[in-house]
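Working through the structure, step by step
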Amino acid sequence: MRPLLFAANWKMHLGPDAARAYLDQFLAGYTPQPDRKVWFFPPAISLDTVSRRIAGRPDLLAGAQDVHWEPKGAFTGATSVPLAAEAGARAALVGHSERRHVFGETDADTARKVRAVLAGGLVPVLCVGETLAQREAGETLAVARRQLLAALDGLETDALRRVVIAYEPVWAIGTGRNATPADAAQVHSEIRSWLTGRGAASPMVLYGGSVNLKNIAELLAERELDGVLVGGASLDAATWVQLVSTPVA
Ligand code: PGA
């Protein structure tokens, strides 16, 4: 059985009331499948609601979209790993392209955040991916390697084994343009060999960037993809039920 992970990144959508209504609809419509897990990354304000609503379902998990690297302190507006964990988070996105490109997060920040997430017992989902200019300059694989090295260098093998990677080309996020399965596969294979070369035996590598009902089957037919990280197409519960129920050969 090929284990698959479907991750929903709600970004700045779905407050507690909307999240509750969404999950009622999702839970009523989705039949759990033994080959797949579904992770939700709601805004921090809805984490508690989401984690309570999915409690008792081992195939479902809630995570934070971003965390600060310090466990506590005077960091107005930030969410620490222990606070996210208290609200039910079991994973956290790190280095999402919007954090890097809108909020100016650096490679060094991602390194601190990965360590904080691991120290807090959560699963880091490290996002990597090139800009359009970098792709056109032929730097796609080099950018992925640089971002992996910056965020993960020096981690013990045990820690490295717990990290999930999401390859999300910046030019594909929210643009309606997605990488072809073959393009994605090439980067996934590079990421996988980077990790296995450091002892992480079977890393999970997700693809993200304009995944939707039209392209999901074709993307998942590519065996290099262990799942998907989805923004826009995860915001409607009925669409998400359909997407995560996609049959895979
Ligand atoms: P998108 O977002 O599916 O809307 O392109 C993906 C992401 O940013 O994780």
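Residues numbered from 1 in each chain as written. Predicted model: local features only at pLDDT ≥ 70, side-chain atom pairs only at ≥ 80, totals over all residues. Heavy atoms only, no water.

So, on to the environment of Leu-229. In this fold, Leu-229 is placed in strand β8 (residues 227–230). The sequence separation of Leu-229 and Glu-70 amounts to 159 residues, and the corresponding C-alpha distance is 26 Å. Leaving out residues up to four positions away in the same chain, Leu-229 has contacts with Ala-7, Asn-9, Leu-93, Cys-127, Ala-166, Glu-168, Leu-206, Tyr-207, Gly-208 and Gly-209. (Helix = DSSP H or I, 4+ residues; strand = E, 2+ residues; numbered from the N terminus. Contact = heavy atoms within 4.5 Å.)

For the rest of this paragraph, the subject is the sheet that holds strand β1 (residues 4–9). The strands that make up a sheet pair up through hydrogen bonds in the backbone, lying either parallel or antiparallel. Spatially, the 8 strands close up into a barrel ordered β1-β2-β3-β4-β5-β6-β7-β8, and their pairing is parallel. Geometrically, the sheet is characterised by an average inter-axis angle of 25° between neighbouring strands, direction not taken into account. Across 2 bridges, strand β7 (residues 205–208) lies against β8 in parallel orientation. Note that in β8 the partner of Gly-208 across the bridge is Leu-229. The strands touched by helix α1 (residues 16–29) within the sheet are β2 (36–41) and β3 (60–64), with β2 carrying the most contacts at an inclination of about 175°. Contacts from helix α5 (residues 107–119) reach β4 (91–94) and β5 (123–128) within the one sheet, and its direction differs from that of β5 by about 160°. (Pairing = 2+ DSSP bridges. Axes fitted to C-alpha atoms, helices over the stretch in contact; angles between N-to-C directions.)

Here we take up empty space enclosed by the protein. Counted under the stated rule, the structure contains 1 cavity of 30 Å³ or more. Empty space within the largest cavity amounts to approximately 40 Å³. Lining of the largest cavity is provided by Gly-95, His-96, Ser-97, Arg-100, Cys-127, Val-128, Gly-129, Gln-147, Glu-168 and Val-170. Broken down by secondary-structure element, the contributors of at least two residues to the lining of the largest cavity are α4 (97–101) and β5. For the lining of the largest cavity, the per-class residue count stands at 3 nonpolar, 5 polar and 2 charged. (1 Å grid on protein atoms, 1.4 Å probe; cavity = no way out; pocket = protein on both sides within 12 Å on 5 of 7 lines; lining within 4 Å. Points joined across faces, edges and corners; volume = space filled by probe spheres on them. Nonpolar A, V, L, I, M, F, W, Y, C, P; charged D, E, K, R; others polar.)

We now examine the pairing of strand β6 (residues 164–167). Across the two faces of β6 the burial is the same, with Val-164 and Ala-166 and Ile-165 and Tyr-167 all buried. On the question of chirality, the crossover connecting β6 to the parallel β7 by way of helix α9 (residues 181–196) is right-handed. (Buried < 20%, exposed > 50% of the residue type's maximum accessible area, 1.4 Å probe, protein only. Right-handed = clockwise from strand over helix to strand, strands pointing away.)

To continue, consider the nonpolar core. Formed by 66 residues in total, the largest nonpolar core has its most connected members in Phe-26, Phe-40, Leu-126, Leu-152, Ile-165, Ile-191 and Trp-240. Residues in contact with Leu-152, not counting those within four places in the same chain, are Val-114, Arg-115, Leu-126, Leu-160, Val-163, Ile-165, Trp-194 and Leu-195. Listed in part, the 13 residues of the second largest apolar core include Leu-5, Ala-7, Leu-93 and Ala-166. (Core = buried A, V, L, I, M, F, W, Y, C linked by side-chain atoms within 4.5 Å.)

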